[in-house]
Every structure is written in C-alpha cells, then in structure tokens.
Amino acid sequence: MRSSLFNHTERSVEPGSFQLQNDRMLKVDLTGSGGFFFAKQGSMVAYQGDVDFAYEGAGGLGKLFKKAFTGEGMSLMKVSGSGDVFLAQDADEIFVLYLENEGVTVNGKNVLAFESTLKWDINRVEGASMLTGGLFNTTFTGTGALAVTAYGTPVVLNVDVPTYVDMQSAVLWSTSLQSSIRKTAKLGAVIGRGSGEAYQLALSGQGIVVVQASEGHPVPQTQ
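To keep things clear, this report deals only with the structure shown in the data block. Source: prediction; values computed, not measured. (Residues numbered from 1 in each chain as written. Predicted model: local features only at pLDDT ≥ 70, side-chain atom pairs only at ≥ 80, totals over all residues. Heavy atoms only, no water.)

### A short note on the environment of Ser116
Here is step 1 of the chain: Mapped onto the fold, Ser116 is located in the loop between strand E7 (111-115) and strand E8 (119-124).
Here is step 2 of the chain: Along the chain, Ser116 and Thr143 lie 27 residues apart, while their C-alpha atoms are 9.6 Å from each other. (Helix = DSSP H or I, 4+ residues; strand = E, 2+ residues; numbered from the N terminus.)

See the structure below:
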C-alpha cells in the first residue's frame, strides 16, 4: 500500500517526554514520567499500552483550582500507567514549553497538558471583573514540560514598552510582567476583533507575551 498519508507515521520520543507528532498532535510517553501527568479532559485522541484516565476536576480536592475560575477553568484528567498517549484539541496548533526552574502565566483555556513536576495556581488579573470578562489565568512554576494550544498561528511579542492585548487572544505571558485591565477611552471604539474590544490585558515590565491570531473558536450559531 502506498500513500502520502504514510508520511505521517508515528514518531519515536524519549521516555517521559512531551513531543509533537505534528503541529496539531502531542505524544507523551508515560515511561519515566513519574507515572502520570495531567491533561485537559477529553483531549485524548489515541493511546497504546496500559493507560488509565481519571477525572481530576479542577485540580484535585487540595486546590479545586479556586472555584472562582469560572469560565476559564480547566477540567483535568490524570493520565497514568505505561504506554503512549496522543492528545489534541480541536485541531489547534500545539506548542511545548520546557520550564527550567522558572514560571509562566497561561490563559486557562489554552492549557493542553503538563508534567506532574510543575506546580500551578490560579490568579485573577488585577482590575478584572465579570464586566471585563473576568480574566483568570494559571501560573506554572518549576521544571517540566507544558503543552499549550493556539487557535491561529501566534506571534511572540517582546514587552519592553506598555503592551495591550485582546484578552481572548492572549495565550501566555512572562510571570515577570505586571498585568492589569485597560479600558478603551471611547466605549464605541471598535479596536478589537470581537465583543470584548472595550477592555484589554495591559502588560508592562520586561518579558514576552504570546498572542494567537483569533479570539478563540467561533461560537456555533443556533437555528
């Protein structure tokens, strides 16, 4: 049998590592991973071996991911056992970050999976409220792999001057940055790409911010 389809044959990975099979699929080898990792619930598309998936809710009873994380919370599953696990989310692009005793802040909806060696916590952007979209985020610290998704090829901006980002388009940013909410001077000004254009995520200091080329997946229209 011949086909260009076979150009996409499974790639080998190092034990316990997060590696991309392609731009839109992540492969995790559980061997050597400490026995488990965390992934967004429902993100598994295939697995090989003896693998168990346990609902982890919003981060386990010890944290509950601070229930205030409404609308942005991550429903997690604990993936354990031995074998290979393949993850994807709506065919979004996937990027793997390898943290080395450092931290990063991620929009909760963009988190796909992370190693159990990372510590995480939920924070609210200063000045955020339900009126401004209630922007919450997840801060990861430590050493380990973190996989994030983006709907629309992102750009990485160096923040050395005050930078303003549509809140639904912000994927992640440096923990060294100060964040707040900025209100557009004129309420009628359409400066963004969606309904949230009156408010932006304001970042200052020294660091980076990753911005995806959309405000997320379109909401299906009901007839």
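Moving on from the coordinates now.
### Overview of the packing of aromatic side chains
Here is step 1 of the chain: A complete count under the given rule lists seven aromatic pairs for this structure.
Here is step 2 of the chain: Aromatic ring contacts, followed pair by pair, group Phe36, Phe38, Phe114, Trp120 and Phe140 into a single cluster. (Phe/Tyr/Trp six-rings, centres within 6.5 Å; stacked < 30°, edge-to-face > 60°.)

### Here's the deal with the sheet that holds strand E13 (residues 178-183)
Here is step 1 of the chain: Here three strands make up an open sheet; going across it, the order is E11-E14-E13 and the pairing antiparallel. The open sheet is flanked by strand E11 (163-166) and E13, the only strands paired with a single partner. For this sheet, the mean inter-axis angle between neighbouring strands, taken without regard to orientation, is 35 degrees. (Pairing = 2+ DSSP bridges. Axes fitted to C-alpha atoms, helices over the stretch in contact; angles between N-to-C directions.)

### Observations concerning the nonpolar core
Here is step 1 of the chain: Grouped together as the largest cluster of nonpolar side chains are 17 residues, with contacts concentrated most on Val104, Val106, Phe114, Phe140, Leu146 and Leu172.
Here is step 2 of the chain: Elements with a minimum of two residues in this core: strand E6 (93-107), E7, strand E9 (136-150) and strand E12 (170-174).
Here is step 3 of the chain: Here Leu172 is in contact with Leu97, Val104, Thr105, Val106, Val148, Ile208, Val209 and Val210, once residues within four sequence places are set aside.
Here is step 4 of the chain: Val28, Val79, Leu112 and Ala147 belong to the second-largest nonpolar core, a separate cluster that totals 16 residues. (Core = buried A, V, L, I, M, F, W, Y, C linked by side-chain atoms within 4.5 Å. Buried < 20%, exposed > 50% of the residue type's maximum accessible area, 1.4 Å probe, protein only. Contact = heavy atoms within 4.5 Å.)

### Some remarks on the environment of Val104
Here is step 1 of the chain: Position of Val104 among the secondary structure elements: in strand E6.
Here is step 2 of the chain: Ignoring sequence-local partners within four residues, the contact set of Val104 consists of Leu97, Leu99, Thr138, Thr139, Phe140, Leu146, Leu172, Trp173 and Thr175.

### Regarding the side chain of Thr149
Here is step 1 of the chain: With respect to the secondary-structure elements, Thr149 resides in strand E9.
Here is step 2 of the chain: The exposure class of Thr149 is buried, given its relative accessible area of 2%.
Here is step 3 of the chain: Beyond its immediate chain neighbours, meaning those up to four positions away, Thr149 contacts Gln89, Asp92, Glu93, Ile94, Lys109, Asn110, Leu112, Val171 and Gln212.

### Remarks on the environment of Val156
Here is step 1 of the chain: Relative to the helices and strands, Val156 resides in strand E10 (residues 155-159).
Here is step 2 of the chain: For Val156, a relative accessible area of 54% translates into the label exposed.
Here is step 3 of the chain: Expressed as a C-alpha distance, the spacing of Val156 and Val171, which sit 15 residues apart in the sequence, is 9.8 Å.
Here is step 4 of the chain: Dropping the residues within four chain positions of it, Val156 is found in contact with Ile208, Val209 and Val210.

Worth remembering: the numbers are spatial, not functional.
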